[in-house]
Amino acid sequence: MTDTPASGEPRGGSRTNIRDQIAGMLFVLLGAAIAYKARSYTVGPPSNSGAGFFPFYLGLLLVGLGVAITAVASFKHDPDAERFSMHPRTFLGVLLPVVIFGITLVPAGLVLSAFIAVMLSSYASPEVTFRGALLNAAVLSVIVLVGFAMILGIQIPVWPNVLIEWLR
Amino acid sequence: MKKLLVCLLSLGVCSLGALAGVTPAVAQQWPNRPIRFIVPWGAGGITDTISRMYNERVSAILGQTIVHEYRPGAAGRIGMGELGRATPDGYTIGMANAGQLTIHPNLYARLPYDADTSFVILGMMGMSPMALAVPVQSPVRSVADLRALSQRRSLNFGTAGIAGPHHLAAELLRKTGVAGVPIHYRGGGGEIMAAMLNGALDANFDTVYQQNIFQQDGRYRILAVTSRERMPQLPDVPTFAELGNPEINLETFYAAAAPSGVPAPIIARLAAAYAEAARSPEIVSWLQEMALTNVHLTPPELATYIRDWRERWRLVIEEQNIRVQ
Amino acid sequence: MELLNHLALGFSTALSMQNLLYAFIGCLLGTLIGVLPGLGPVATMSMLLPATFTLQPTAALIMLAGIYYGAQYGGSTTAILVKLPGESSSVVTVLDGHEMARRGRAGIALTTAAVGSFFAGTVGTLVIAAFALPLASVALSFGPPEYFALMVVGLIGSIVLASGSVLKAIAMVVLGLSLGLVGTDTQSGVERFTFDTEELVDGLNFVAVTMGVFGLAEIIANLEKHGSVGSEITRVSTLFPTREDWRRMWPAILRGTGIGTVLGIFPGGGPVISSLTSYLVERRVSKNPEEFGKGAIEGVAGPESANNAAAQISFIPMLTLGIPSNIVMAMMAGAMMMHSIQPGPQVMTRNPELFWGLIASMWIGNVMLLVLNLPLVGIWVRFLTIPYRFLYPAIIVFCCIGVYSVNNTVFDIFQAAFWGVVGYGFLKLKLEPAPMLLGLILGPMMEENFRRALVLSRGDFGIFVSTPVACTFLVLAAILLVVLASPALRKKREVAFREEDPA
């Protein structure tokens with residue numbers, strides 16, 4: 001479907017579209033896994049389909065589409081095949097704070113968790129200095145406390161458990 | 001100094017767990033801070049409304065604020081799991097329903113709580129009987145008509161989800177010779193009503209309150225109710241018992257519960273507070289408007305009540321071979 | 001004439017000082033929670049419910065309605081500014097809205113959304129006032145075959161949301177459909193793909209998925225470019241649409257409003273399908289379809305009007321039948337029950353001041369939102385001038401709080417992080433998430449109605465062509481498929497694809 005007419009001059013990159021090949025193969029794997037797992041539910045005929053019917057055939061469809069994507073990708077070059085660039089620092093710097101926030105929220109409460117998450121997230125950008133991060137974390141903790149906990153009053157642990165126990 | 005002592009004591013209690021008898025001082029001081037009330041459903045809706053009606057009064061009786069927390073998910077099982085695991089100090093209580101206590105234990109091998117041992121039921125807040133209705137354009141006028149029709153052709157029953165009370169009521173009815181295929185609707189009420197009116201469904205069970213709204217509107221005809229006695233809203237509608245099927249008697253319920261292990265004096269005060277609220281004239285008249293009934297039982301009586309129901313559902317679920325896993 | 005009398009009663013109720021105040025509080029609060037990423041009306045219940053408990057029912061309903069529209073308005077603001085659709089219906093707005101923002105046209109996009117929403121809201125309100133009852137009976141006549149056919153149209157249509165390869169877009173729709181199957185199967189009660197996790201029994205958390213694949217992945221992508229995108233966005237040329245913008249915007253708003261008004265009567269899915277359909281139509285009728293996905297103003301004006309018209313129309317089931325079609329309406333029903341008013345058909349006759357007051361306040365709420373939001377556009381846009389290094393930590397933290405607040409569980413925060421990883425993978429592999437999200441929303445409804453229809457017909461496939469409406473939708477789906485696969489359009493798409501600057 002996406003076969004680019006060969007008229008376009010290859011703008012560098014490899015002869016095959018590696019990006020799409022990887023995507024296609026991932027679809028094949030995922031589709032196969034879904035179809036395999038679906039077999040553990042009742043599949044049944046379309047007229048009397050069970051819980052496994054949709055996932056089974058969707059899985060197979062995904063396998064088929066994956067094969068097609070891989071095949072098409074093998075015959076065409078990537079229109080803009082810049083190298084895969086991975087920046088583990090950015091990646092971790094954005095997602096790690098999310099995970100840590102999830103871990104700390106219930107025991108440590110909103111304010112402390114937000115502070116920690118902002119500090120950690122500064123790792124993602126080389127532009128942020130330590131003092132800048134500290135300032136940002138402090139300001140955001142206050143915003144979060146006032147905005148979410150006080151004004152909107154959403155249901156969320158605000159202060160560390162230990163502190164609450166101690167004050168009691 | 002006194003505060004420090006209390007603090008140390010409560011810390012000690014926490015670490016020793018519920019087994020160690022709580023010093024009377026703590027029980028006497030209770031409640032000296034707000035009580036959390038876990039609603040295992042989302043905000044809004046009937047569960048939330050009932051809790052709020054009660055807790056406004058209970059909070060006045062106990063002289064302490066009650067804060068509602070919503071833990072929706074998995075038909076109430078997530079919230080119940082959290083309630084079961086909560087520190088049994090009387091500062092965390094919540095709502096429990098028929099589904100999690102009497103039906104799910106018969107369906108799921110693995111629950112995040114033990115319906116028998118994880119909770120103490122403090123009091124019944126309301127019970128919701130069901131009504132069997134047909135669309136108003138249907139020629140069916142009585143349960144006997146419906147039975148006759150089901151012998152001529154296969155009927156479609158609308159339910160709000162597999163193994164829910166709507167579905168189990170239909171299965172009970174099947175035992176009396178009214179056979180039908182259950183059609184499950186995730187959204188319940190609205191989709192079912194549309195299907196009833198366009199003729200896709202022949203009959204359905206739902207709460208008396210819901211069915212009565214549609215009967216008053218001229219969309220449904222109610223054939224019978226599952227309550228023990230006739231409902232005041234529907235004086236002309238017979239109960240199934242009157243029709244010779246006393247086994248079709250069921251109601252879902254909304255109860256207040258605490259995690260087991262809460263000191264007995266605190267349980268006693270909570271149970272008394274909920275009992276007092278349940279008898280207040282505002283609640284009594286509100287329940288009646290909402291077509292809810294109630295029974296006034298003590299915690300041990302409620303435990304028996306729930307065990308009996310669980311056993312009844314086990315039989316129905318096994319006989320009809322209802323499986324979800 | 002009767003209608004005028006009713007409206008007069010409605011306005012006299014809604015224009016009382018007290019009710020105006022609550023409408024304003026509701027709109028303000030709704031806008032606020034709408035612009036905070038992921039934070040929905042549900043999260044603020046603990047504050048709102050006690051209020052609705054003590055307020056007069058009319059005032060409570062007016063406030064809740066304000067929150068509902070406010071959140072809708074606010075949801076598109078984050079979709080445009082930081083690529084975070086707050087509501088499922090703003091997924092479509094992200095495509096061209098955020099692109100406009102990246103091209104320094106954030107202010108225009110926001111103004112367009114506000115104007116379109118206001119117009120659509122006004123028309124929607126009028127339609128409710130005049131035709132609520134007949135429309136309700138139309139909605140009731142639809143059954144599983146109609147819904148199934150509508151979902152098929154929607155799913156095929158969502159392929160158009162991607163600007164790259166058609167094949168990859170189809171694969172993403174199918175992936176979304178599969179993800180939608182996670183959770184309890186309605187017909188059999190079987191828990192599928194939950195891996196024994198109670199938190200997955202009700203399915204994936206939509207907010208967590210969108211946060212991950214759009215929001216968090218976008219932050220990573222922006223930072224990888226060393227924050228240059230942040231400074232790129234700050235080139236805010238003008239806040240208000242030019243004459244040319246207005247000329248292009250109006251037809252789209254009109255069409256979008258029409259589409260939303262028609263499709264809004266389908267409970268559930270209404271707003272999403274409407275905004276999607278509007279996007280398809282705009283792309284089809286546009287003289288320059290290659291602009292779509294790169295900041296076409298019609299791609300904001302149409303879908304935004306459509307989803308607001310639909311959101312307004314979706315009040316009909318709740319007003320006329322007492323059937324809430326979403327959480328805010330469930331709260332409204334709850335507020336009525338607490339005051340011993342039976343939500344349902346009798347409200348109109350027994351409590352006319354409440355019924356017509358609410359309808360009048362819908363329009364007043366829309367006016368307030370317009371007045372509130374137009375000046376705010378300037379402020380929102382100024383947020384983009386904050387250096388990105390200060391902005392992104394805030395977005396991360398707000399996302400976490402928002403996603404937690406949906407079900408009050410930290411599991412969903414971990415889910416968002418997981419989808420962030422996936423979204424980053426999509427970015428690297430040039431897979432576009434919008435079709436997947438549509439699949440995720442529409443898939444469960446499609447499967448449910450497909451299987452329900454066959455249980456009802458005892459396995460007879462004839463049921464799918466048994467009614468004219470279902471037939472029409474299926475024919476429409478077939479036409480759409482042919483059009484998508486047709487060489488002419490494929491060429492157009494490829495032109496668009498090749499002209500795209502190497503990102």
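Everything numeric here is computed off the predicted structure, so don't read it as measured data. (Residues numbered from 1 in each chain as written. Chains lettered and ligands numbered in written order. Predicted model: local features only at pLDDT ≥ 70, side-chain atom pairs only at ≥ 80, totals over all residues.)

Draft legend 1. Representation of the overall build of chain B in the model. A tally of regular secondary structure across chain B gives twelve helices and nine strands. Whereas a compact globule of 325 residues would reach a radius of gyration of roughly 20 Å, chain B reaches 21 Å, a difference of no more than 12%. Per-residue burial for chain B yields a buried fraction of 50% across its 325 residues. Of the contacts made within chain B by residues no fewer than 6 positions apart, 75% connect residues no fewer than 24 positions apart. (Helix = DSSP H or I, 4+ residues; strand = E, 2+ residues; numbered from the N terminus. Rg over C-alpha atoms; globule rule 2.2 N^0.38 Å. Buried ≥ 20, exposed ≤ 12 C-beta atoms within 10 Å, placed from the backbone. Contact = placed C-beta atoms within 7 Å.)

Draft legend 2. Examining the overall build of chain A more closely. Broken down by element type, chain A carries five helices and zero strands. Reading chain A from its N terminus to its C terminus gives the helix and strand order α-α-α-α-α. At a minimum sequence separation of 6, the contacts of chain A that also span at least 24 residues come to 68%.

Draft legend 3. Looking closely at the environment of G76 of chain B. Residue and element names in this part refer to chain B. Its place among the elements puts G76 in the loop between strand 2 (66–70) and helix 4 (77–85). Separated by 19 residues in sequence, G76 and M95 have C-alpha atoms that sit 9.4 Å apart. Residues contacting G76, with those up to four places away along its chain left out, are P40, W41, N97, G99 and Q100.

Draft legend 4. Structural view of the interface of chain A and chain C. Facing the 61 residues of chain A at the interface are 59 residues of chain C. Breaking the side of chain A that touches chain C down by element, the ones donating at least two residues are helix 1 (18–38), helix 2 (53–74), helix 3 (88–121) and helix 4 (130–151) of chain A. Residue composition of the side of chain A that touches chain C, grouped by class: 38 nonpolar, 18 polar and five charged. (Nonpolar A, V, L, I, M, F, W, Y, C, P; charged D, E, K, R; others polar.)

Draft legend 5. Spotlight on the interface of chain C and chain B. Taken residue by residue, the interface counts 41 residues in chain C and 42 residues in chain B. In terms of residues, the side of chain C that touches chain B owes the most to one element, helix 15 (residues 327–338) of chain C, which gives six residues. Of the residues assigned to the side of chain C that touches chain B, the class counts are 20 nonpolar, 16 polar and five charged.

Draft legend 6. Geometry of the domain arrangement of chain B. Residue and element names in this part refer to chain B. The domains assigned to chain B are domain 1 (23–127 + 252–319) and domain 2 (129–225). Each of domain 1 and domain 2 was reduced to a C-alpha centroid, and the two centroids are 29 Å apart. At the junction of the two partners, domain 1 supplies eleven residues and domain 2 supplies eleven residues. The set of elements that each furnish at least two residues to the side of domain 1 that touches domain 2 consists of helix 5 (98–103) and helix 12 (299–319). Residue composition of the side of domain 1 that touches domain 2, grouped by class: eight nonpolar, three polar and no charged. (Domains from an automatic or database assignment.)

Draft legend 7. How the structure looks around helix 13 (residues 298–313) of chain C. If you check helix 13 of chain C, its first and last C-alpha atoms are 22 Å apart, about what 16 residues at 1.5 Å a residue would give, namely 22 Å. With 16 of 16 residues buried, helix 13 of chain C lies mostly within the body of the structure. (Expected span 1.5 Å × (residues − 1).)

Draft legend 8. Spatial organisation of unusual backbone geometry. Cis rather than trans, the peptide bond between W30 of chain B and P31 of chain B has omega equal to -5 degrees. Relative to the assigned elements, P31 of chain B resides in the loop between helix 2 (24–29) and strand 1 (35–39). Backbone geometry places N321 of chain B, a non-glycine residue, at a positive phi of 55 degrees. As for its position among the elements, N321 of chain B is in the segment after helix 12. Look at N408 of chain C: it is not a glycine, yet its phi comes out positive at around 55 degrees. Structurally, N408 of chain C can be placed in the loop between helix 18 (388–407) and helix 19 (411–429).

Draft legend 9. View of the environment of A101 of chain C. All names here are of chain C. Inspection of the secondary structure assignment puts A101 in helix 5 (residues 91–102). Overall, the presence of 26 C-beta atoms within 10 Å leaves A101 in the buried class. For A101 and L81, which are 20 residues apart along the polypeptide, the C-alpha to C-alpha distance reads 6.3 Å.

Draft legend 10. Layout of the confidence of the model for chain A. Mean pLDDT over chain A: 83, with 86% of residues reaching 70 or higher. Note on residues 1–13 of chain A: pLDDT is under 50 here. Beyond four places in sequence and across chains, it has 22 contacts. (pLDDT = per-residue confidence, 0-100.)

Draft legend 11. Representation of the environment of F195 of chain C within the structure. Structurally, the position occupied by F195 of chain C is in the loop between strand 2 (191–192) and helix 9 (206–224). Taking the number of C-beta atoms within 10 Å as the measure of exposure, F195 of chain C has 8 and is therefore exposed.

Draft legend 12. A look at the packing of helix 3 of chain A against helix 9 of chain C. For the pair helix 3 of chain A and helix 9 of chain C, the least separation of the axes is 9 Å and the interaxial angle reads 150 degrees. Between helix 3 of chain A and helix 9 of chain C lies a crossing of right-handed hand. Residue-level inspection shows T90, F91, V94, L95 and V98 of chain A of helix 3 of chain A in contact with helix 9 of chain C, the latter providing L216, I219, I220, L223 and E224 of chain C. When its residues are assigned to classes, the contact of helix 3 of chain A with helix 9 of chain C shows eight nonpolar, one polar and one charged. (Axes fitted to C-alpha atoms, helices over the stretch in contact; angles between N-to-C directions. Left-handed = near helix turned anticlockwise from the far one by under 90°.)

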